[in-house]
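Given next are the chains, with one letter for each unit.
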Amino acid sequence: MPEPADQVSTTFDATGMPVTTMRNPSGSVFITQSADGSRRSIGTSRARVDLATTAETGLHIAAIASGTREWTLVPTPIVALTSGDADAFAGLRVSGGSASIEDDVARLAIMLATEDGSTVEVRLEARDGQAIVSTQAEITPASETALTGIAPLRIGVPLDTLSTLSAVSGVQRQGGWQPEEGVYRSFRLEERPLAAPQRIYSGERSTWSEMPWAALTGEGDGGVMLAFEYGAQWELVTEPSGDAVTLGYRPIGLEPVVAAGETWSAPPAWIGAFDGDLDGAAAITTDFLRAAVVPQGDADFPWVQYNTWFSFACELDAATLLREAELAAALGVEVFYVDAGWWTGNPTRWDQFSSGLGNWVENRDKFPDGLAAFAEGIRQRGMHFGIWFEPERIDLRHATIGGWHPDWIARNGDRWVRCDWPADTDTAWLCFGLQATQDWAFDKIAAVIASTGARWLKWDSNYWGICDSPNHDHGTGDGEAAQVAGVYAVMDRLRERFPDLVIENCAGGGTRMDYAIARHTHTAWLNDASAPAQRSRFHNAGAGYVYPPEMLNAWVMEWPFEALNGQDQAEDFLRTVVRSRMLGALGLSCRLQTWTEASKRIVSEEITRYKEHVRPLVRHGHMLHLLDRPQPELTSPRTPTPDTWEAYGLALPNGSRAVAIAFRNASPTNELTFPMKALQPDAAYRVTVEDGKPTERDGRSLMTDGITVACAPTASVFVRIERLGEDAA
């Protein structure tokens, strides 16, 4: 029942049926239920989900509405289950439920039951100010059951109103073990017709080939957004039939055995409604992640970073790095972190970062005074210290000194899960489904963080294997889910022990960049292939639909066509190189000691621009795609400079501040006029192009007539837009 402060009222529908509504005190969050339980709704001022129950279909989502539009859906059972016993969940019918509103969060639970007592409780949650409703199914069988298929959220879509599915490809769609040729597809926004059967598969890892986010659109503005909060393999399957299509996410390879009376929770799924174009879908995703999922960092997060990997790889030397840190601090860098190669047993050889994995004790050949003393040297230069770990993989040669036990290695049948890459040593995969492995990892990482005062932890994961050992703390059919759950448990213990710790999610790039791990990490490394500049922009443009800008981490790094080490570049081009990483979290991984004074001056100026004008919008704003084509077409393997302009922006939700950056690339057109978005039509704005004289314009003209800019080939134009008046915060 609702808290006393909540408002409860009863009305009658067209048939005379009583309908009870409960709201929070402001009325912005609500739940409605008909007296006979056949209709329920849950929502906020931004979105509403209607549920219905019929004898033919059972419980289903009947409609979803945004702030301006409603979509009626086709009756489809909201949950689908298969098991070893084909009749285990046959005949599920609504048997009860509960509803509450507390702390501006509405929670609706609907119990489904079979005649023999098996139950599925469908839980829905709507949070004040958000346009996404999260759902989760809790499954309790009456007798021991092996679940062989789980679809925790399914909807039926009429093709006359929603006809297109837009999704974003995963990081390894290009590169890694995929062919390096043809159209470049890492983080590429792609459209698919809903009228044709589709199977969107995550790939070997949760975001290897596809991201767990989809937007359904049709005629007119707005649409329906779906997402899946799961850290292992999954698929989104569409099944057209006549004038409608059924679709829903489901985990792959997850087959838990659930004991009689035991409750097992399926991975959560999200459904939302948005207005406008796909930037509207991105905006509701960003808002929900910030409000309900992602840990929040310091007020000035994301920090400008320096990372050692693309500068020095494993050829680390404390004295050289401290000289590098001096220069990084002068540029405006805020966190300096040591990547792979800092531990005992790792040679001073460029990329042999697998050697010695699992030792997690400082290498005194590389850090003669110890890692704690080095970290103090970083702080003395005015920066935070950070450190890299790959806790899930170990060097088999170091079983006697790493503190881990061979029994903890993941098994596939009668073999260990061995890693065939990189080839500098023999490594294996640890099973984090084991509590002993989790305890070991926590102790090792916590000891280093405590001794060094590290504020940034980069958690990498360069391989993947699934444990099916019957002797570990998980079943033979849920080893992958247990692995990621164990990783999350260690991350949570670290954040509890070190509340100010920032955790960066990395998995050989963004191959494990899902919504489940987002609950435990502050930012994510997008792709090791973060150069050249146009490729880095391409990644941000696509991933910006799926994640808030502050979670999209990319660095300025060395590349044959935009080298900074030891040479000057044209000033306009060098500014473009830095600005191409400004649409998210910004970092550097270059040898600063080789930079010219001109390069250092230009990069320092752009870092200052980022901190003053861009970072507040990265942290609190929405990503904007300002041209009809949201991404240029890139081709592999070289990803040459496109022959078209690009334009992206960031804007605060209240429309008070925005920035836009236009990139000419190799376009033969000297000028570009692009419409701005997300401003207040009747408000007056100050518009500053580069560092020129400001002009005043109203929001309507900026969004309809647009902004005209010009620059040299491969250069860029930076535009600042600020609402006039005292309330332009």
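Structural data are supplied above this passage.
The shown structure was predicted, so the numbers you read here are calculated from the model rather than taken from an experiment.

Peer 1: Whenever I open this one, the overall build of the protein confuses me. Can you help?
Peer 2: Broken down by element type, the protein carries 10 helices and 47 strands. The C-alpha extent of the protein, read off along each of the three principal axes, is 80 × 70 × 50 Å. Residue burial in the protein is summarised as follows: out of 729 residues, 61% are buried. The long-range fraction of contacts in the protein, counting pairs at least 24 apart against all pairs at least 6 apart in sequence, stands at 69%. When the accessible area of the protein is evaluated, it comes to approximately 26200 Å², of which 48% is carbon and sulfur surface. Of the charged side chains in the protein, 61 are positive and 96 negative; the average position of the first set lies 5 Å away from that of the second.

Peer 1: Help me understand the pattern of salt bridges, please; the structure alone is not making it clear to me.
Peer 2: A side chain with one charge can pair with a side chain of the opposite charge if their charged atoms come near. Counted by the stated rule, this structure contains 46 salt bridges. Across the pair R493 and D439 runs a salt bridge whose closest N-O atoms are separated by 2.8 Å. Within this pair, whereas R493 is found in helix 6 (residues 479-497), its partner D439 is found in helix 5 (residues 435-452), the two being separated by 54 residues in sequence. In this structure, the salt-bridge partner of E690 is R579, at a minimum N-O distance of 2.8 Å. Placement of the pair is E690 in the loop between strand 44 (684-689) and strand 45 (695-698) and R579 in helix 8 (residues 571-579), with a sequence separation of 111 residues. Salt bridges sharing common partners tie together E571, R575, R579, R601, E605, E606, R609, E690 and D691.

Peer 1: What am I meant to see in the sheet that holds strand 34 (residues 456-459) here?
Peer 2: Hydrogen bonding along the main chain pairs the strands of a sheet, whether they run parallel or antiparallel. Strand order around the closed barrel formed by 8 strands is 26-27-28-34-35-36-37-38, with parallel pairing between neighbours. Pairwise comparison of adjacent strand axes, ignoring direction, gives a mean angle of 30 degrees for this sheet.

Peer 1: Would you mind going over the sheet that holds strand 14 (residues 153-158) with me for this structure?
Peer 2: Judged by pairing direction, the sheet is antiparallel, and its 4 strands sit side by side in the order 14-22-21-18 without closing on themselves. The outermost strands of the open sheet, each flanked by one partner alone, are strand 14 and strand 18 (198-201). Along the sheet, successive strands turn relative to each other by an average axial angle of 15 degrees, direction set aside. Summarising the sheet, strand 21 (residues 234-241) and strand 22 (residues 244-251) pair through 8 bridges and their orientation is antiparallel. Among the inter-strand pairings, S241 is bridged to a residue of strand 22, identified as A244.

Peer 1: Is there a simple way to think about the nonpolar core in this case?
Peer 2: Nonpolar side chains tend to gather and get buried jointly when the protein is soluble and globular. The biggest cluster of nonpolar side chains holds 97 residues, and the ones touching the most others in it are W342, I387 and L494. In contact with I387, not counting residues within four places along its chain, are Y337, V338, W342, L371, V448, A454, W456, L457 and K458. In this structure, F89, I110, V133 and L194 belong to the second largest nonpolar core, which totals 61 residues.

Peer 1: Can you help me understand the packing of helix 3 (residues 318-331) against helix 4 (residues 371-380) in this one?
Peer 2: To characterise two packed helices, one gives the angle between the axes of the helices and the distance between these axes. It is the contact of helix 3 with helix 4, at a shortest axis distance of 10 Å, that shows an interaxial angle of 15 degrees. Compared by their axis directions, helix 3 and helix 4 come out roughly parallel. Of the two elements, helix 3 crosses helix 4, and the hand of that crossing is right-handed. Contacts from A318, L321, L322 and A325 of helix 3 reach helix 4 at F374, G377 and I378. When its residues are assigned to classes, the contact of helix 3 with helix 4 shows 6 nonpolar, 1 polar and no charged.

Peer 1: Any chance you could explain helix 4 here in plain terms?
Peer 2: One turn of the α-helix equals 3.6 residues, which is why residues spaced by three or four share an orientation. Residues of helix 4 that are buried: L371, F374, A375, G377 and I378. What you see down the axis of helix 4 is that its buried residues fit within an arc of 155 degrees, all on one side. G382 sits one or two residues past helix 4 and shows a positive phi near 90 degrees.

Peer 1: What is the right way to read the state of the cysteines from this model?
Peer 2: Here, the word disulfide means a covalent bond between the sulfur atoms of two cysteines. Taken as a whole and judged by the stated rule, the model has 0 disulfides. In this structure C419 is a free cysteine whose sulfur lies 13 Å from that of C467, the closest cysteine sulfur available. Of all cysteine sulfurs in the structure, the one in C431 sits closest to C467, which takes part in no disulfide; the separation is 3.9 Å.

Peer 1: Whenever I open this one, the packing of aromatic side chains confuses me. Can you help?
Peer 2: Each aromatic ring pair is characterised by the separation of its centres together with the angle its planes make. Summed over the entire model, instances satisfying the criterion amount to 30 aromatic pairs. Between W234 and Y249, the ring centres sit 5.6 Å apart and the planes meet at 70 degrees, which makes this aromatic pair edge-to-face. With W234 in strand 21 and Y249 in strand 22, the pair connects residues that are 15 residues apart, well separated along the chain. Of the aromatic side chains, those joined through ring pairs into one cluster are F301, W303, F310, Y337, W456, W525 and W555. Positioned over the ring face of Y201 is R199, at 4.6 Å from the centre of the ring. Over the ring of F442 we find R493, and its NZ or CZ is 4.3 Å from the ring centre.

Peer 1: Sorry if this is basic, but what is going on with the environment of V417 here?
Peer 2: As for its position among the elements, V417 is in the loop between strand 31 (415-416) and strand 32 (418-419). Expressed as a C-alpha distance, the spacing of V417 and N553, which sit 136 residues apart in the sequence, is 30 Å. Excluding residues that lie within four positions of it along the chain, V417 makes contacts with I409, A410, R411, N412, A428, W429, Y463, G465 and I466.

Peer 1: Looking at this structure, I do not really get the side chain of E646. What am I missing?
Peer 2: Looking at the secondary structure, you find E646 in strand 41 (residues 646-651). Residue class for E646 comes out buried when judged on its relative accessible area of 1%. At 2.7 Å, the side chain of E646 forms a polar contact with the side chain of R537. If sequence neighbours within four positions are ignored, E646 has contacts with R537, L627, P632, I661, A662, F663, N665 and L672.

Peer 1: When you look at unusual backbone geometry in this model, what are you seeing that I'm missing?
Peer 2: Excluding glycine, most residues fall at negative phi; most peptide bonds, likewise, are trans. A cis amide bond, omega 5 degrees, links F301 with the succeeding residue P302. With respect to the element layout, P302 can be found in the loop between helix 1 (278-293) and strand 26 (305-307). Residue P637 follows S636 across a cis peptide bond; omega there is 5 degrees. Relative to the elements of secondary structure, P637 occurs in the loop between strand 40 (635-636) and strand 41. The residue D103 is not glycine, and still its phi comes out positive at about 55 degrees.

Peer 1: Would you explain the environment of V335 in this entry?
Peer 2: For V335, the position within the fold is in strand 27 (residues 335-338). Judged by relative accessible area, which is 0%, V335 ranks as buried. C-alpha of V335 to C-alpha of S202: the two residues are 133 residues apart in sequence and 33 Å apart in space. Other than its neighbours up to four places away in sequence, V335 contacts W303, V304, Q305, Y306, M383, H384, F385, G386 and W456.

Peer 1: What is the right way to look at the pairing of strand 4 (residues 39-44) in this model?
Peer 2: Residues in a regular strand point their side chains to alternate faces of the sheet. For strand 4, the buried fraction is high: 5 of the 6 residues fall into the buried class. Across 5 bridges, strand 3 (residues 29-34) lies against strand 4 in antiparallel orientation. Directly across from V29, in strand 4, lies its bridge partner T44. The antiparallel pairing of strand 3 with strand 4 creates a hairpin that spans 4 residues between the two strands, and G37 there sits at a positive phi of about 75 degrees.

The rules behind the values
- Residues numbered from 1 in each chain as written.
- Predicted model: local features only at pLDDT ≥ 70, side-chain atom pairs only at ≥ 80, totals over all residues.
- Heavy atoms only, no water.
- Helix = DSSP H or I, 4+ residues; strand = E, 2+ residues; numbered from the N terminus.
- Buried < 20%, exposed > 50% of the residue type's maximum accessible area, 1.4 Å probe, protein only.
- Contact = heavy atoms within 4.5 Å.
- Areas by Shrake-Rupley, 256 points an atom, 1.4 Å probe, with all protein chains shown as cover.
- Lys, Arg positive; Asp, Glu negative; His and termini not counted.
- Charge placed at Lys NZ, Arg CZ, Asp CG, Glu CD.
- Salt bridge = Lys/Arg side-chain N within 4 Å of Asp/Glu carboxyl O.
- Pairing = 2+ DSSP bridges.
- Axes fitted to C-alpha atoms, helices over the stretch in contact; angles between N-to-C directions.
- Core = buried A, V, L, I, M, F, W, Y, C linked by side-chain atoms within 4.5 Å.
- Parallel < 35°, antiparallel > 145°, perpendicular 65-115°, else oblique.
- Left-handed = near helix turned anticlockwise from the far one by under 90°.
- Nonpolar A, V, L, I, M, F, W, Y, C, P; charged D, E, K, R; others polar.
- Arc of directions from axis to C-beta.
- Disulfide = S-S within 2.5 Å.
- Phe/Tyr/Trp six-rings, centres within 6.5 Å; stacked < 30°, edge-to-face > 60°.
- Lys NZ or Arg CZ within 6 Å of the ring centre and 35° of its normal.
- Polar contact = N/O pair within 3.5 Å; in protein donor to acceptor, adjacent residues only side chain to side chain.

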